[in-house]
Each structure stands twice: as C-alpha cells, then as structure tokens.
Amino acid sequence: QLQFVESGGGLVQPGESLKLSCAASGFTLDLISIGWFRQAPGKEREGVGCISSSGKMTKYANSVKGRFTLSRDNVENTMYLQMNGLKPEDTAVYYCAAERNSFPDFCTLQFNTRGFGYWGQGTQVTVSS
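All residue numbers here refer to positions counted from 1 along the written sequence of the relevant chain. For a predicted model such as this one, the threshold for reporting local features is a pLDDT of at least 70, and the threshold for listing and counting side-chain atom pairs is 80 or more; totals across whole chains, interfaces and linings nevertheless cover every residue. Heavy atoms throughout the structure, all of them, feed into the side-chain values; hydrogens and water do not.

Novice: Looking at this structure, how should I read the packing of aromatic side chains?
Specialist: Centre distance and the angle of the planes are the two values used to describe a pair of aromatic rings. For Phe, Tyr and Trp, rings pair up if their centres lie within 6.5 Å, where Trp contributes its six-membered ring, and each pair is then called stacked (planes under 30 degrees apart), edge-to-face (over 60) or tilted (otherwise). Taken as a whole, this structure holds four aromatic pairs when the rule is applied. Look at Phe-37 and Phe-116: their rings are 4.9 Å apart centre to centre, the planes differ by 70°, and that puts the pair in the edge-to-face class. Of this pair, Phe-37 sits in strand S4 (residues 34-39) while Phe-116 sits in strand S10 (residues 116-117), and the two are 79 residues apart along the sequence. A relative accessible area of 1% means that Phe-116 is categorised as buried. With 4.9 Å between their ring centres and 70° between their planes, Phe-37 and Trp-119 make a pair best called edge-to-face. Here Trp-119 lies in the loop between S10 and strand S11 (123-127) and Phe-37 lies in strand S4, a separation of 82 residues in the sequence. We call a residue buried when its accessible area falls under 20% of the maximum for its residue type, exposed when it is over 50%, and partly exposed in between, using a 1.4 Å probe and counting protein chains only. On the basis of relative accessible area, Phe-37 is assigned to the buried category, the value being 0%. Helix and strand definitions here come from DSSP, where helices need a minimum of 4 consecutive H or I residues and strands a minimum of 2 consecutive E residues; each element is numbered from the N-terminal end.

Novice: Is there a simple way to think about the environment of Arg-100 in this case?
Specialist: With respect to the helices, strands and loops of the structure, Arg-100 is situated in the loop between strand S9 (92-99) and S10. C-alpha separation for the pair Arg-100 and Arg-114, spaced 14 residues apart in sequence, amounts to 8.4 Å. When neighbours within four sequence positions are excluded, Arg-100 is seen to be in contact with Arg-114, Gly-115, Phe-116 and Gly-117. Contacts described as polar in this section are N or O atom pairs within 3.5 Å, which, within protein, must combine one atom able to donate a hydrogen with one able to accept it, while residues neighboring in sequence count only if both atoms come from side chains. Within the local environment of Arg-100, its side chain forms a polar contact with the backbone oxygen of Phe-116, the two atoms lying 3.2 Å apart. Note on contacts: a residue pair qualifies if any of its non-hydrogen atoms lie within 4.5 Å across the two residues.

Here is the structure:
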C-alpha cells in the first residue's frame, strides 16, 4: 500500500523558513508524481505545488511561487518542500499525495485534490509573530 508521512512542520515567525519532508513507501517512487497541498481551518484543501516523477518538472501555486521549492530523492523515497519567506497566510496543515494517472515525468495541479490520492496525515505549519 502506498503511504506518505509528512514531517517538519512547526511554529515560525514571518520571514523565516521551514523544510517539510514527505517519506513514501509501498510503491516505485520514481514512477509517481507528488503534490503538496495545504488546508487552513474552515477552508478547502488547495494545491501548493507538484513535482514530476524524476523531479525535472515542478509547478507552484502563484501564492508560493518564488518562495517555495519542491525537490525529491527517489533513492531515499523522500520528497521535500522548502518554504522560505513564510507569511501568516501560509499557516495550514500541509499534505503530500500521489498524482493519479499522471503522464510520464509530468505533473499538474489543474485538477486540484481530485487529481491526487493516498494522502498523508499532514504536518502543521504556523506562521505568527
């Protein structure tokens, strides 16, 4: 069974950085594109970014573009989300998930959460002064 476990969240001040990890198991990771999503209280879960199976392609939501960077280590079966210049509006639970039926070495957020499955439990990120 494909599983993801997110970690690395915490409480930081605006402008600081965090690096989230998503450890995967149960499948051949180099065949899977991964999405990162976040959900704030009372709001729908929304896409943050995605990374293709090889890591060659990455896409980001406009709200995080230039601040967040996705990467992956397919040997260690781990994906990373480096978050710099954090803002209070980044406060949310962050999740990783596998993209459904993705094209080879391609990812997209256009289908939002419906395009992904096998969600992890999430890790809380709180940005506050």
